[in-house]
Amino acid sequence: GESVGLHLPTLSVQEGDNSIINCAYSNSASDYFIWYKQESGKGPQFIIDIRSNMDKRQGQRVTVLLNKTVKHLSLQIAATQPGDSAVYFCAENRGSYIPTFGRGTSLIVHP
Amino acid sequence: SAVISQKPSRDICQRGTSLTIQCQVDSQVTMMFWYRQQPGQSLTLIATANQGSEATYESGFVIDKFPISRPNLTFSTLTVSNMSPEDSSIYLCSVLEGEQYFGPGTRLTVT
């Protein structure tokens, strides 16, 4: 069936490195994508979003890239900090206001 | 932004009993959602609860098992009925106010 999923369940990086978290989606009708960060014991928190008419969007230290040709989404975190350690979820919207969440990637930042 | 609180934050319950989870939002919101997040897994939408109407349940979730109340625009409850160990999970309340905001979750363990 159609789904949103992540390539790597766990990503370990050194503090100061750049992190790249990947996400594959299979529904070409998806038109809106969101990245969430979930810290231990907390609910997911919105990080950044991107619409299907864009291929790149930048925020503070984060960049989301969208490749519609291969149905791939990535989240890049620059100069990763220990406070970035969390589980990151991508989510897709298919013309509705309720996102479908992917599996999640655990980012571990080593000092 | 919306600030969401949930009660209880965690509970340990015996099988066959029921637990009601409360969700309080600091502003009036139309759209409220309840999610389940099983250990190490992603978020699964249980139902959408809009004030003044019956909750809309996703496939695999039924009102008899997860009754929901939405008495006003700032409050909702989710009851997990006749619990079994398979109901052990984190239950998250969420609202849509521009972007989607999540509560901290209620960690339920059923023994």
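Placed above this text is the structure.
Rules behind the numbers
Residues numbered from 1 in each chain as written. Chains lettered and ligands numbered in written order. Predicted model: local features only at pLDDT ≥ 70, side-chain atom pairs only at ≥ 80, totals over all residues. Heavy atoms only, no water. Salt bridge = Lys/Arg side-chain N within 4 Å of Asp/Glu carboxyl O. Helix = DSSP H or I, 4+ residues; strand = E, 2+ residues; numbered from the N terminus. Disulfide = S-S within 2.5 Å. Buried < 20%, exposed > 50% of the residue type's maximum accessible area, 1.4 Å probe, protein only. Polar contact = N/O pair within 3.5 Å; in protein donor to acceptor, adjacent residues only side chain to side chain. Contact = heavy atoms within 4.5 Å. Pairing = 2+ DSSP bridges. Axes fitted to C-alpha atoms, helices over the stretch in contact; angles between N-to-C directions.

Visitor: What is the right way to read the pattern of salt bridges from this model?
Guide: Where charged atoms of side chains with opposite charge meet at close range, the side chains can pair. All names here are of chain A. All chains considered together, the criterion is met by four salt bridges over all chains. A salt bridge links Lys42 to Glu39; its shortest N-O distance comes to 3.8 Å. A salt bridge links Asp84 to Arg61, with the shortest nitrogen-to-oxygen separation between them at 2.9 Å. In this pair, Asp84 sits in the loop between strand 8 (72–77) and strand 9 (86–93) while Arg61 sits in the loop between strand 6 (56–58) and strand 7 (62–67), placing the two residues 23 residues apart along the sequence.

Visitor: What's the story with the state of the cysteines in this structure? I'm lost.
Guide: Disulfides are covalent bonds that link the sulfur atoms of two cysteine residues. Within the structure shown, the criterion is met by two disulfides over all chains. In this model A:Cys23 forms its disulfide with A:Cys90; the gap between the sulfur atoms is 1.9 Å. When the S-S torsion is 50°, as for the bridge of A:Cys23 with A:Cys90, the disulfide is right-handed. With a gap of 67 residues between them, A:Cys23 in strand 3 (residues 19–25) and A:Cys90 in strand 9 connect regions that are remote in the sequence. Put simply, B:Cys23 and B:Cys93 are joined by a disulfide, and their sulfur atoms are 1.9 Å apart. Of note, the bridge from B:Cys23 to B:Cys93 carries an S-S torsion of about -65° and is left-handed in sense.

Visitor: How do you make sense of the side chain of A:Ser19 when you look at a structure like this?
Guide: Residue and element names in this part refer to chain A. Structurally, Ser19 is set in strand 3. Taking relative accessible area as the criterion, Ser19 reaches 1% and is therefore assigned buried. Side chain to side chain, Ser19 and Thr80 meet in a polar contact 2.7 Å long. Dropping the residues within four chain positions of it, Ser19 is found in contact with Leu11, Val13, Leu75, Gln76, Ile77, Thr80 and Leu107.

Visitor: Looking at this model, I keep getting lost on the sheet that holds strand 7 (residues 68–72) of chain B. Mind explaining?
Guide: Within a sheet, neighbouring strands are paired by backbone hydrogen bonds and run either parallel or antiparallel to one another. All names here are of chain B. If you trace the four strands from one edge of the open sheet to the other, you get 1-3-8-7, paired in antiparallel fashion. Every other strand in the sheet has two partners, leaving strand 1 (4–7) and strand 7 as the edge strands with one partner each. Averaged over all neighbouring strand pairs, the angle between strand axes comes to 15°, with direction disregarded. Sheet analysis places strand 1 next to strand 3 (residues 19–25), joined by four bridges and oriented antiparallel. Looking across to strand 3, one finds that Ser5 is bridged to Gln24.

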